[in-house]
Amino acid sequence: MQDAENLSVTNCVSSIWLISKMSSPLKRLIQATQEIIDGQVPKPIEVTSADEIGQLTERFNEMARVLAQREKQAHQQAEQLRQKEREVVRATQVRNEFLSDVSHELRTPLTSIRSFCDLLLMFGDDDPKDREEFLRSIIESCDRLTRLINDILDSSKIEAGKIEWNMTPIDFIEIIHSSVRVMKAMAEEKGLNLITQVPIPSLVLEGDHDLLIQVVTNLINNAVKFTKTGNITVSVEQMPQEVKVGVSDTGIGLAPEHQEMIFERFTQVKNRDRGKPTGTGLGLAICRGIVEHHGGKIWVESQLGQGSTFYFTLPLYPTKNSMVNPEKGGSNGGGKSMAK
């Protein structure tokens, strides 16, 4: 009888111990499950046995790790979507501003042309000098309108990859001197000194002659536009694998946050010192497209109030992009798709 009672007590104690051993991890599993239901990622549960409860705990921990990874991925994807949404909003805003600016830029020369035509009709026969002045003003307005339209067309062709590149051996130093000659009168008209620092007499590389002139003249034009007094300096430095060109000015400079965005399409920097921007904001984007197609890069170094230096590099040896396409270009030029 006593032995039976002892056995019963032993069995009872064993049962209590076994239930306690099973219930403790099960409680932790229930608690962790509730955390998942509440939107939290539970901490791993300690595995204290190799039985079915231990295996269940291991599987639960693995599930929790997978859930944590997926939650992290979901947060990353959500942030990427928010970033893309911000970019779309920014692109829409920029395009709207571009359309507004272009409308203004188109309206201004068209209005001038119409006004001077009316004046010619009314007073053109009275004074030959007045007639000549009216005609010159009309020509200037037409030139401005042409430049605006060409910028829009050139940018679209670069983005669509529809330019017929005329890649031939060229004397790049001649391009620099030719660009400076073209822009010299514009600089002198503002009282600016246009200086060249070109220690190399000649440098032959593979490139599109007309488009590279467009890059250099555009950079000089921008320097003149945003410089009131001082100098514009065009420098050339030959390095082992590439040539580096710099166009420096003593103008108003650029803030750090603007130094990358100005190479984006339709982007213009608006601030009190610069006044209302003119043009389309496409010039530097076009320059970047041309330079990058040649295998080079373009950037700006600047400080507010201390001027800017726009640099670009070109490889001294042909790259994959710069190889002559016999169907779209060659020594005879083919068809130039970008208007000048």
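These figures come from a predicted structure and were not determined experimentally. (Residues numbered from 1 in each chain as written. Predicted model: local features only at pLDDT ≥ 70, side-chain atom pairs only at ≥ 80, totals over all residues. Heavy atoms only, no water.)

Regarding the packing of aromatic side chains
Note the threshold: Paired rings are identified among Phe, Tyr and Trp, the last through its six-membered ring, by centres lying within 6.5 Å, and are further divided according to the angle between planes into stacked (under 30 degrees), edge-to-face (over 60) and tilted (the rest). Secondary structure elements follow DSSP: runs of H or I no shorter than four residues count as helices, runs of E no shorter than two count as strands, and numbering proceeds from the N terminus. Only protein chains enter the calculation, and the probe is 1.4 Å; a residue is then buried if its accessible area is under 20% of its type maximum, exposed if over 50%, and partly exposed in between. In this scheme, Lys NZ or Arg CZ marks a charge over a ring once it lies within 6 Å of the ring centre and within 35 degrees of the ring normal.
Throughout the structure, instances matching the rule amount to three aromatic pairs. With a centroid separation of 6.1 Å and 65° between ring planes, the pair formed by Phe263 and Phe310 is classed as edge-to-face. Linking Phe263 in the loop between strand S5 (242-249) and helix H6 (283-293) with Phe310 in strand S7 (residues 308-315), this pair joins segments that are 47 residues apart in sequence. You can call Phe263 buried: its relative accessible area is 2%. Stacked on the ring of Tyr311, the Lys or Arg Lys244 has its end atom at 4.5 Å from the ring centre.

Thoughts on the sheet that holds strand S2 (residues 193-197)
Cut-off, in case you're wondering: A strand pair is defined by DSSP finding two or more bridges across the two strands. Whenever a helix is involved, its axis is fitted only over the stretch in contact; in every case the axis is a line through C-alpha atoms, and angles between N-to-C directions fall within 0 to 180 degrees.
In spatial order, the strands read S2-S4-S5-S7-S6; together these five strands make up an open sheet with mixed pairing. The sheet terminates laterally at S2 and strand S6 (298-302), the two strands that pair on one side only. Neighbour-to-neighbour, the strand axes of this sheet turn through a mean angle of 15°, independent of strand direction. As judged from the seven bridges shared by S5 and S7, these two strands associate in the antiparallel manner. When the bridges of S7 are listed, Val247 appears paired with Phe310.

A look at the side chain of Thr217
For the record, the criterion: Should any heavy atoms of two residues lie within 4.5 Å, those residues are counted as being in contact.
If you trace the backbone, Thr217 turns up in helix H5 (residues 209-225). Residue class for Thr217 comes out buried when judged on its relative accessible area of 15%. Sequence-distant contacts of Thr217, defined by excluding residues within four places in its chain, comprise Ser179 and Met183.

Some details on H5
Applied cut-off: Here, expected helix span is obtained from the residue count minus one, scaled by 1.5 Å. Within 3.5 Å is the distance limit for a polar contact, defined as a pair of N or O atoms, with the added protein rule that one can donate a hydrogen and the other accept it, and that residues adjacent in sequence qualify only through two side-chain atoms.
Compared with the 24 Å implied by 1.5 Å per residue over 17 residues, the 24 Å span of H5 between its first and last C-alpha is a close match. Burial within H5 is extensive, with 13 of its 17 residues counted as buried. Two to three positions downstream of the cap, the backbone nitrogen of Asp210 sits 3.3 Å from a side-chain oxygen, assigning the N-cap of H5 to Asp208.

Quick word on the pairing of S5
Pairing of strand S4 (residues 231-238) with S5, which is carried by seven bridges, proceeds in the antiparallel orientation. Along S5, the bridge assignment pairs Val236 with Val245. Turn length for the S4-S5 hairpin, with the two strands adjacent in sequence and antiparallel, is three residues.

Here we look at H6
With nine of its 11 residues buried, H6 lies for the most part within the structure. Among all positions of H6, only Gly283, Leu284, Ala285, Ile286, Cys287, Gly289, Ile290, Val291 and His293 are buried. The positive-phi residue at the C-terminal boundary of H6 is Gly295, with phi of around 90°.

Focus: the environment of Glu206
Within the secondary structure, Glu206 is located in strand S3 (residues 204-207). When its relative accessible area of 18% is taken as the criterion, Glu206 is described as buried.

With respect to the confidence of the model for the chain
For clarity, the cut-off: The pLDDT value expresses, per residue, how confident the predictor is, ranging between 0 and 100.
For the chain, per-residue confidence averages 77 on the pLDDT scale, and residues scoring 70 or more make up 75% of the total. When the elements of the chain are averaged for pLDDT, helix H1 (residues 2-37) gives the smallest value, 61, and S5 the largest, 96. This stretch, residues 321-340, has a pLDDT under 50; its non-local contacts, to residues over four places away or in other chains, come to 44 contacts.

Points about the nonpolar core
The cut-off we apply is this: In this description, a nonpolar core means a group of buried Ala, Val, Leu, Ile, Met, Phe, Trp, Tyr and Cys residues linked to one another through side-chain atoms lying within 4.5 Å.
In terms of nonpolar packing, the biggest core is built from 47 residues, with Phe172, Ile220 and Phe312 touching the most fellow members. When residues of this core are traced back to their parent elements, those giving at least two are helix H4 (172-189), H5, S4, S5, H6, S6 and S7. Looking at this core, the element that brings in the most residues is H5, giving nine residues. Those residues within four positions of Ile220 in sequence are excluded, and the remaining contacts are Ser179, Val180, Met183, Leu194, Val234 and Val247.

Focus on the pattern of salt bridges
Note the threshold: When a carboxyl oxygen of Asp or Glu lies within 4 Å of a side-chain nitrogen of Lys or Arg, that pair is called a salt bridge.
The final tally for this structure, using the stated rule, is four salt bridges. With its nearest N and O atoms 3.0 Å apart, the salt bridge here joins Arg86 to Glu79. What emerges from the salt-bridge pattern is a single network uniting Glu79, Arg82 and Arg86.

A closer look at the packing of H5 against H6
As a reminder, the rule being used: Should the near helix be turned anticlockwise from the far one by less than a right angle, the crossing is termed left-handed; should it be turned clockwise, right-handed. The classification used treats Ala, Val, Leu, Ile, Met, Phe, Trp, Tyr, Cys and Pro as nonpolar, Asp, Glu, Lys and Arg as charged, and all other residues, Gly among them, as polar.
Closest axis-to-axis distance for the H5/H6 pair is 10 Å, and the angle between their directions is 145°. Handedness of the crossing formed by H5 with H6: left-handed. Across the interface between the two elements, Leu211, Leu212, Gln214, Val215, Asn218, Leu219 and Asn222 from H5 touch Gly283, Leu284, Ile286, Cys287, Ile290 and Val291 from H6. For the contact of H5 with H6, a count of residues per class yields nine nonpolar, four polar and no charged.

Quick look at the pairing of S4
Summarising the sheet, S2 and S4 pair through five bridges and their orientation is parallel. Bridge pairing links Gln197 to Ser235 in S4.

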